[in-house]
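Listed here are the chains, written in short residue letters.
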Amino acid sequence: MKNQVITFASGNEMAAKAIKQIGYDLMGYYPITPSTQIAENLDIMRASGETDLIMIAAEGEHSAAGICYGAAVAGGRVINATSANGLLYAMEQFPVQAGTRYPMVMNVVCRTVSGPLSIKGDHSDIMYMLNAGWPILFAVTAQQVYDFNIIALKLAEQVRLPVVVAYDGFFTSHQKCRCFMFTQDETVKAFVGDKKEECPFLDLNHPITVGSYMNEPDLINNRYQLHHAMERADEVIEKLFDEYYEISGRQYHKVEGIGCEDAKEALVLLGSSYDTATEAVEELRSQGNKVGAATLHVLRPFPGKELMGLLQHASDIVVADRQDSYGAGGGNLSLEVRSAAQRYERQMHIKSIIYGLGGKDFFKEDAKEMLTMAGDENRPDFMYYGITKGKKEKTQKPLLAPVTAEQARIHATEVIDHKVTGGNLNAVTAMPGRLAPGHGACPGCGIPVNLNLLLKGIEDPVVFLFQTGCGMIVSTAYPKTAFKVPYLHNLFQNGAATLSGVAEICYRKQQKGEIPPGDIIFVMVSGDGGMDIGMGSALGTALRGHRLLIFEYDNGGYMNTGYQLSYSTPLGAKSSTSHVGKNQYGKTFFHKDMPRIMEATGIPYVATVAESNPTDFIRKAAKAAYYAKTTGTAYIKAISACPLNWNDKPATERRVIEAAVDSCYFPLYEVEQGITTISYDPEKTGKKIPVSDWLSMMGRTKHLLKPEYSHIVLKIQDEIDRRFAELKKRAEQNL
Amino acid sequence: MAESTGKQMKFREKLTGPKGYFEIRLESIGGLGANLCGKMLGELGIKYLDVNSCSFSSYGSEKTGTPVKGFVRYCIKAKEIRDHSPVVEPDLLVIFHGALMKDESVWMGCTKDTVVILALEEGDDKETKDITFGHSGVFYGLPAQRIAMDTHSRINVVMLGACLRVMGVEDISVGEKICRDTLGVKYPEALEGNLEGLRKGYEEVAFLQENSKGSEYAERKQTTRWGYDNAPLGGINPEFGSTIISDLSPSRQGYIPLFIKEKCINCGLCHSTCPDMVFQFEKGKYKGREMMVNLGLDYYHCKGCLRCVDVCPVNALVRGVEAEHPHKDYFIPNRELLRNPDYYEKAGPDGYITSEAYLTEKRMEGGEV
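Residues numbered from 1 in each chain as written. Chains lettered and ligands numbered in written order. Predicted model: local features only at pLDDT ≥ 70, side-chain atom pairs only at ≥ 80, totals over all residues.

## Things to note about the overall build of chain B
At step 1: When its secondary structure is counted, chain B shows ten helices and 13 strands.
At step 2: Once local pairs closer than 6 in sequence are excluded, the contacts in chain B between residues at least 24 apart make up 75%. (Helix = DSSP H or I, 4+ residues; strand = E, 2+ residues; numbered from the N terminus. Contact = placed C-beta atoms within 7 Å.)

## Quick word on the interface of chain A and chain B
At step 1: If you look at the interface, chain A gives 87 residues, while chain B gives 83 residues.
At step 2: For the side of chain A that touches chain B, the residue count by class is 44 nonpolar, 27 polar and 16 charged. (Nonpolar A, V, L, I, M, F, W, Y, C, P; charged D, E, K, R; others polar.)

## Quick word on the sheet that holds strand 24 (residues 605-609) of chain A
Pairing between sheet strands relies on hydrogen bonds along the backbone, with the strands arranged either parallel or antiparallel.
Residue and element names in this part refer to chain A.
At step 1: The strand order across the open sheet built from eight strands is 19-18-20-21-25-24-26-27, with neighbouring strands paired in mixed fashion. Since the sheet does not close on itself, it has two edges, and those belong to strand 19 (487-490) and strand 27 (675-680), each with one partner. In this sheet, adjacent strand axes meet at a mean angle of 20° when their direction is disregarded.
At step 2: Pairing between strand 18 (residues 462-467) and strand 19: four bridges, direction parallel. (Pairing = 2+ DSSP bridges. Axes fitted to C-alpha atoms, helices over the stretch in contact; angles between N-to-C directions.)

## Examining the pairing of strand 25 (residues 634-639) of chain A
Residues and elements named next belong to chain A.
At step 1: With respect to burial, strand 25 is a largely interior element, six of its six residues being buried.
At step 2: Judged by which residues are buried, strand 25 turns out to be covered on both faces: Ala-634, Ile-636 and Ala-638 on one side and Tyr-635, Lys-637 and Ile-639 on the other are all buried.
At step 3: Relative to strand 25, strand 21 (residues 549-554) is paired through six bridges, and the arrangement is parallel. Bridged to Ile-550 within strand 25 is Tyr-635.
At step 4: Relative to strand 25, strand 24 runs parallel, the two being bridged by five bridges. (Buried ≥ 20, exposed ≤ 12 C-beta atoms within 10 Å, placed from the backbone.)

## Quick notes on the environment of B:Ala323
At step 1: One can find B:Ala323 in the loop between strand 12 (317-321) and strand 13 (345-346).
At step 2: In sequence terms B:Ala323 and B:Ile256 are 67 residues apart; their C-alpha atoms lie 9.4 Å from each other.

## Structural notes on the domain arrangement of chain A
All names here are of chain A.
At step 1: You can read the domains of chain A as domain 1 (4-197 + 214-248), domain 2 (255-384) and domain 3 (413-559 + 590-732).
At step 2: Facing the eight residues of domain 1 at the interface are nine residues of domain 3.
At step 3: Here the side of domain 1 that touches domain 3 is built from residues that sort into four nonpolar, three polar and one charged. (Domains from an automatic or database assignment.)

## Observations regarding the confidence of the model for chain B
If pLDDT is low for a region, its predicted coordinates should not be looked at in detail.
Residues and elements named next belong to chain B.
At step 1: The predicted model of chain B has a mean per-residue pLDDT of 87, with 88% of residues at 70 or higher.
At step 2: Confidence drops under pLDDT 50 across residues 363-369; counting only partners more than four residues distant or on other chains, this segment forms 16 contacts.
At step 3: On the interface metric, ipTM, the complex scores 0.94, and its pTM is 0.95. (pLDDT = per-residue confidence, 0-100.)

## Description of the packing of helix 5 (residues 155-167) of chain B against helix 7 (residues 188-204) of chain B
Between two packed helices, what matters for the description is the angle formed by their axes and the separation of those axes.
All names here are of chain B.
At step 1: Axis separation between helix 5 and helix 7 bottoms out at 7 Å; the angle between their running directions is 40°. Compared by their axis directions, helix 5 and helix 7 come out oblique. Of the two elements, helix 5 crosses helix 7, and the hand of that crossing is right-handed. From helix 5, Val-157, Val-158, Met-159, Leu-160, Gly-161, Ala-162, Leu-164 and Arg-165 reach across to helix 7, where they touch Asn-194, Gly-197, Leu-198, Arg-199, Lys-200, Gly-201 and Tyr-202.
At step 2: Taken together, the residues that form the contact of helix 5 with helix 7 break down as eight nonpolar, four polar and three charged. (Parallel < 35°, antiparallel > 145°, perpendicular 65-115°, else oblique. Left-handed = near helix turned anticlockwise from the far one by under 90°.)

## Observations regarding the domain arrangement of chain B
At step 1: Entries for chain B in the domain assignment read domain 1 (11-220 + 353-364) and domain 2 (246-343).
At step 2: Summarising the inter-unit geometry, the C-alpha centres of domain 1 of chain B and domain 2 of chain B are found 36 Å apart.

## Details of helix 14 (residues 446-456) of chain A
In an α-helix there are 3.6 residues to a turn, and that puts residues three or four apart on one side.
At step 1: In terms of residue burial, helix 14 of chain A counts as a mostly covered element, since eleven of its eleven residues are buried.
At step 2: Within helix 14 of chain A, burial applies to A:Gly446, A:Ile447, A:Pro448, A:Val449, A:Asn450, A:Leu451, A:Asn452, A:Leu453, A:Leu454, A:Leu455 and A:Lys456.

## Description of the nonpolar core
At step 1: By size, the foremost hydrophobic cluster in this structure holds 196 residues, and its most contacted members are A:Leu137, A:Ala266, A:Leu267, B:Met159 and B:Cys163.
At step 2: Ranked by residues supplied to this core, first place goes to helix 6 (residues 142-159) of chain A with eleven residues.
At step 3: When near neighbours in sequence (up to four residues on either side) are disregarded, A:Ala266 contacts A:Cys260, A:Val291, A:Gly292, A:Ala293, A:Ala294, A:Leu311, A:Ala314 and A:Ile317.
At step 4: Ranked by size, the runner-up nonpolar core spans 133 residues in total, among them A:Val449, A:Ala610, A:Tyr626 and A:Phe724. (Core = buried A, V, L, I, M, F, W, Y, C linked by C-beta atoms within 7 Å.)

## Focus on the packing of helix 2 (residues 34-48) of chain B against helix 5 of chain B
Residue and element names in this part refer to chain B.
At step 1: Running from amino to carboxyl end, helix 2 crosses helix 5 at an angle of 40°, the nearest separation of the two axes being 9 Å. Between helix 2 and helix 5, the interaxial angle falls into the category oblique. Between helix 2 and helix 5 lies a crossing of right-handed hand. Residue-level contacts link Ala-34, Leu-36, Cys-37, Met-40 and Leu-41 of helix 2 to Asn-156, Met-159, Leu-160 and Cys-163 of helix 5.
At step 2: Here the contact of helix 2 with helix 5 is built from residues that sort into eight nonpolar, one polar and no charged.

## A short note on helix 18 (residues 535-544) of chain A
Residue and element names in this part refer to chain A.
At step 1: Of the residues making up helix 18, those classed as buried are Met-535, Ser-537, Ala-538, Thr-541 and Ala-542. For helix 18, the arc enclosing every buried residue in end-on projection is 165°, short of the 170-degree limit, so these residues lie on one face.
At step 2: Residues of helix 18 that are buried make contact with helix 16 (495-512), helix 17 (530-533), strand 21, helix 19 (594-599) and strand 25.
At step 3: Positive phi shows up at Gly-545, right after helix 18, with a value of about 75°. (Arc of directions from axis to C-beta.)

Printed below as a string of structure tokens:
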């Protein structure tokens, strides 16, 4: 046995430690809760020089999977981590990688698949992977996350298949506990061994083609090879578990059980719930009950034989699933157990229970209750556990009235001949709220401030679509909603496209006379994160020219998930995926110029706004609404304060925004029908400040003021100056 | 610690008791550092107390000001901790903020044997204390916020010190060690203050009283209004604007904006900067001109960010200490309400912050106490 040390860590931390010790070449990833901490922890190690892992923050999971695939084909050792809809978004790529037989490892930190959107843990995501051709190891504890990560790569390379290490989001990923890890990285490296490439892709002297065009009669043979690899994985896994025992002292098997030596009734479940259930089994057995519990450490290839062997004395089984295969009469685990029982000719009564969806806690008492159901003939064979019926309620008089078109027409702004007047801050207070107070944004948050300024300039009825982000999370936490107008959420890859569909049906219904005529402004609201992963959808919508308004609040980071870098984060800013350390100064590339990208689609109106110039903001909102109802797509981008993650004071955010504008980091301008106009030129008013003044106001960028980072500040200043000079030139020449 | 008439606690005895665990629940508000406190307690167990331990938080909701629960379990070294469920019946309940003591769910599973540590400040009102001591429990307390301010530390280390004392840990040096391990490596400049806060917490925590006949509630039932029988299909929510019944005062950190109406020029800047739609404007007259007039604030929705104070050009909005203004002038309920809500629901900001790397770093640097 090799030397190990005790560490107090969570599942995500243990995954990161294993990845570091293995010495992977590359991680391609996109942050998604609850898997993000893996990348965050590795980024800390990168910043301090503990690892030289190449970390690529993709603009979405689909791209992350692509980066990983390319890196694996090129012969790198590659790691990824994702969850829930991130997994599904990338799904198309997984059979490609398995079918072309390039090994890598991906941690799937299990989380509920939307919608309605939930961030908590269940197994609805991992079960989509069952047919992808990837072996799936399932870790019950943080210790197993570490151990299985080490075993997984060796397995992957031995059978030439990509491998998943799955574990429970939050329960396993976030709970900190006692774990062991090898003292020496070399121990881990020696166990995994050197990577051998059979046909190196980058061997220019022996060129190969990867990804042939293949139909019948050949494809079935390729798939048979894949099937064969999976069968080989079945043999290899047990061997690797034994080998790993030699160095670690921890012996794993494909299945694990407690009390199964004589249990008549047994509970089968996946993940952390099994661990909790063992305490229930111990307690019940101490009272003389012959009960047991079992779990699987391997989901693919499915260890049916081993499971049936383990449950050899059991006659009544309850299989509890943290997901449902709707319409199949059970979750996927229960279906597999039923199929194994039939295949190995076991006479047993199997009940399926769906429990713990959306991260509903699982207590020892729940396990006991489930075990009593096993042999109970009065309980159905399939049921949902832990559901609530709901109370009868008295109908109550409404608290609020919907906003009528007349009420919204406050005549505070006017657009005539493409000229806007008005926007007086006193007059616009008359605008009824489309957003009710009581939302859950952090104190001082810029999002509702920007939304309200936008809405003050829109004097027509509004229909909203919000992409995933802080804005939707804080406003629609069930069973409450802050919206007083129609509102739809869709995942942030796809908001603009979704709103295109809404708008087109509205116009059709109005044409047919099914709903009253009259202007409606369709507004898509997105953070800068949504404009990364959803950029394609927004560009497609703009190119098609649907009559709607895209509003981006740019707080320069994925704030909703704990501030990972976005493509709009300033160069050099620290974030949880761009830490500052001796080997790293923060984010390594410039903030994305999204308005410039939107301009290229040729839409009639593009504008930037800031709360520090509120009248300008409101007027631009009015103009954008005008274009959205008469012409085509309009796009407005606001810089939006985030006191929590900018690490500054909530009270003074407007001054920080003003500094961003005055430094020309965020210049205010509009591009109307292709003509650029600068709305506010701080050079002309004598208010121009160096960007360092702005950077010094926020905790996330304050470090850049140190002498050792002066070259970074210079780079930012140069880029800002270049962009602003170009803008001025275009404005001067009416371009 | 004042001479105790309360039961002296020895956490180790619980490890071999019927439950086999010593369980701690931390009740806090996002930003006070309870998450880190839980982590330090957990790590301390393994490194210096010769026990096995685990710690975790109520993830899913950790924006500034949001209620946060932390959980710690200790057991004997030889045993594995296999229970991953939240702590329902804590042996030690630690409450970080007076605003939480009025919330029933904070007291879940608290019995006459539960030891409770309260962060009680001089300014906490009588109602808070009455509700608190109406529960069963063995109560200890200390003015954690004041200590944190005096020592330039954070509430979490002060509470950590108090926990160690009450748990019967005789040597504070183990606490100092864990602070050095956790806080000291990255931020040596903040370490001395934190160690001082830890020691003060250990020294100043005092037995207050015990109550064996107070209210108890052990249910861990989740209540929900809409169930499968009556929830609109697909998660649709037809109750537009229903957040308006949220009372967000727990988000405030001691300060509120005060309105001096005589000075107000009705410029609307406060309305333009308020994220929480607090200001109530109505058609009226100002200096003989018809215009929108600022009537006042709906303090139910004010989170105390003080953006309005910063932008007010005439000092008609100024910062005030909330405790000094129990009856707020110009408290105008939202003008869009058709009727008074039957009740307001105490709420904090919501959402999910589920990563710690950046926040831990930031909070260690100081800032919010």
